[in-house]
Amino acid sequence: MKFAVDHRVEVRPPWPFRLRVQGSLDGLQRVRGQVVVRLLDIDGAPALVRVRQLARDRVLFGAQADALDVAEEAIARMRFATAVDDDLRPFYERFRYDPLIGTAVRAHPHLRIRRRPDPFEVLVAAITEQLIELERAAAIQRRIVAALVARCPETGLRAFPSPGAVASFAPARLQSFDLGAGRALALIKAAREVAAGRVDLWATDHERGWRRLRAIPGIGPWTIEMLALYGQGRHDQIPAGDLGYLKAVGRLLTGEPYARATEDEVREVFAPYAPWAGLAGAYFLTVPRPAGTRWSASAARRAA
């Protein structure tokens, strides 16, 4: 794949940053040495993006495409995905001595939400991940991508399919990929909404799109919160129905190793961290909790 433009941008992060040199379970992101590589589709035009951290305070983004504006947009999307431009000083200053997450905040100031370069990717991933294990969902995602997008013969990469392409699936075809019948219908309907422009995932008014998506059977709060946090940069949203949070908050509140919290209890614990609930939750999941340790939601409110 030969491109006419090779565009590069060196970024100096405003806050401690550590590039996560790791591929993705869906196979879209690869690692070559210390370089993160992705093939993106920018409104029908391909762009090959590479990211490498040169030093503690220097990150290089490069994009090859057939037009400069396509390369620039591809780099902008990967800057969003890596969260390299996020200035998290306000969060750090507010919560570095928090009794629940303060130790983790001080130890890992570089922690970021691992986002995706296109919110539609997150929407598809969230629908496929409902109520099943992550590895199984990733296999479904790989089958969807492989069925719709040819592999680049030079890089071996695939771009994520467009909403229109996903909307063209028959429900039976998605079910043949191991996706449940209800989720297959929800995915097709959501893709049609996005493809038709009735849901604009790039619009600044996120809530308007969320309301239309919530009207689709099979799309609930967890799916929207995943979209918001990982696809639209909304640190104020936390996927409260995620099993990881239900387990961790259950253990936190009861001291019992197999306890499960409710979604409302998860939201109550993280309400004091507004507007950073999603980032606070990411830190919370890194903190080990000794068996028998209990923490009340009222204590969380007093501490934050």
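In this text, all values refer to a predicted model and were calculated from it rather than measured experimentally.

## Focus: the overall build of the protein
Thought 1: The helix and strand inventory of the protein stands at 14 helices and five strands.
Thought 2: For 304 residues, the compact-globule formula gives about 19 Å, and the C-alpha radius of gyration of the protein, at 20 Å, lands near that figure.
Thought 3: Its C-alpha atoms give the protein principal-axis dimensions of about 55 × 50 × 35 Å.
Thought 4: Across the 304 residues in the protein, those meeting the buried criterion constitute 50%.
Thought 5: Counted over contacts in the protein with a minimum sequence separation of 6, partners at least 24 positions apart contribute 64%.
Thought 6: Summing over all exposed atoms, the protein offers an accessible surface of approximately 14,300 Å²; the carbon and sulfur share of this is 51%.
Thought 7: Separation between the mean location of the 45 positive side-chain charges and that of the 34 negative ones in the protein comes to 4 Å.

## Examining the pairing of strand β3 (residues 35-42)
Thought 1: Burial analysis of β3 places seven of its eight residues in the buried class, the great majority of the element.
Thought 2: Between strand β2 (residues 29-32) and β3, which pair antiparallel one after the other, the connecting turn spans two residues, and G33 there sits at a positive phi close to 65°.
Thought 3: Two successive antiparallel strands, β3 and strand β4 (residues 45-55), enclose a turn made up of two residues, where D43 displays a positive phi of approximately 50°.

## What about the sheet that holds β2?
Thought 1: Strand order in the open sheet formed by five strands is β1-β5-β4-β3-β2, and the pairing between neighbours is antiparallel. Both outer strands of the open sheet, β1 (5-11) and β2, are each paired with one neighbouring strand and no more. Across the sheet, the mean angle from the axis of one strand to that of its neighbour is 25°, orientation sign disregarded.
Thought 2: Pairing of β3 with β4, which is carried by seven bridges, proceeds in the antiparallel orientation.

## A word on the confidence of the model for the protein
Thought 1: Averaged over every residue, the pLDDT of the protein is 94; residues scoring 70 or more account for 94%.
Thought 2: Under a pLDDT of 50 for its full length, residues 297-304 has, in the predicted model, 12 contacts with residues more than four places off or in other chains.

## Examining the pattern of salt bridges
Thought 1: Under the counting rule described, the total for this entry stands at 20 salt bridges.
Thought 2: Close ionic contact of R198 with E193 constitutes a salt bridge, the shortest N to O distance being 2.9 Å.
Thought 3: We note a salt bridge from R267 to D264, for which the minimum N-O separation is 4.0 Å. Here R267 and its partner D264 are both found in helix α12 (residues 263-270), three residues apart, which amounts to about one turn of the helix.
Thought 4: Overall, the relative accessible area of 58% leaves D264 in the exposed class.
Thought 5: A cluster of three or more residues bridged by salt bridges with shared partners is formed by D26, R38, R116 and E121.

Rules of the game
Starting from 1, residues in each chain are numbered consecutively following that chain's sequence as written. Predicted model: local features are reported for residues with pLDDT of at least 70 only, side-chain atom pairs are reported and counted for 80 or more only, and whole-chain, interface and lining totals are derived from all residues. Calculation of side-chain values draws on the structure's entire complement of heavy atoms; hydrogens and water are dropped beforehand. Elements are defined by DSSP. Helices are runs of H or I of four residues or more, strands are runs of E of two residues or more, and each kind is numbered from the N terminus. The reference for a compact globule is 2.2 Å times residues^0.38; the radius of gyration itself is calculated from the C-alpha atoms. Burial here depends on accessible area, computed with a 1.4 Å probe over protein chains only, as a share of the maximum for the residue type. Under 20% is buried, over 50% is exposed, and the range in between is partly exposed. Note on contacts: a residue pair qualifies if any of its non-hydrogen atoms lie within 4.5 Å across the two residues. With residues, only the protein chains shown are counted as cover, and all accessible areas are computed by Shrake-Rupley using a 1.4 Å probe. Positive charges come from Lys and Arg alone, negative charges from Asp and Glu alone, with His and the N- and C-terminal ends not counted. By convention, the charge on Lys lies at NZ, on Arg at CZ, on Asp at CG and on Glu at CD. We call two strands paired when DSSP finds no fewer than two bridges between them. Angular values range over 0 to 180 degrees, each being the angle between N-to-C directions of two axes fitted as lines to C-alpha atoms, with helices fitted over their stretch in contact. What pLDDT expresses is the predictor's confidence in each residue, scored from 0 to 100. A side-chain nitrogen of Lys or Arg and a carboxyl oxygen of Asp or Glu constitute a salt bridge if their distance falls within 4 Å.

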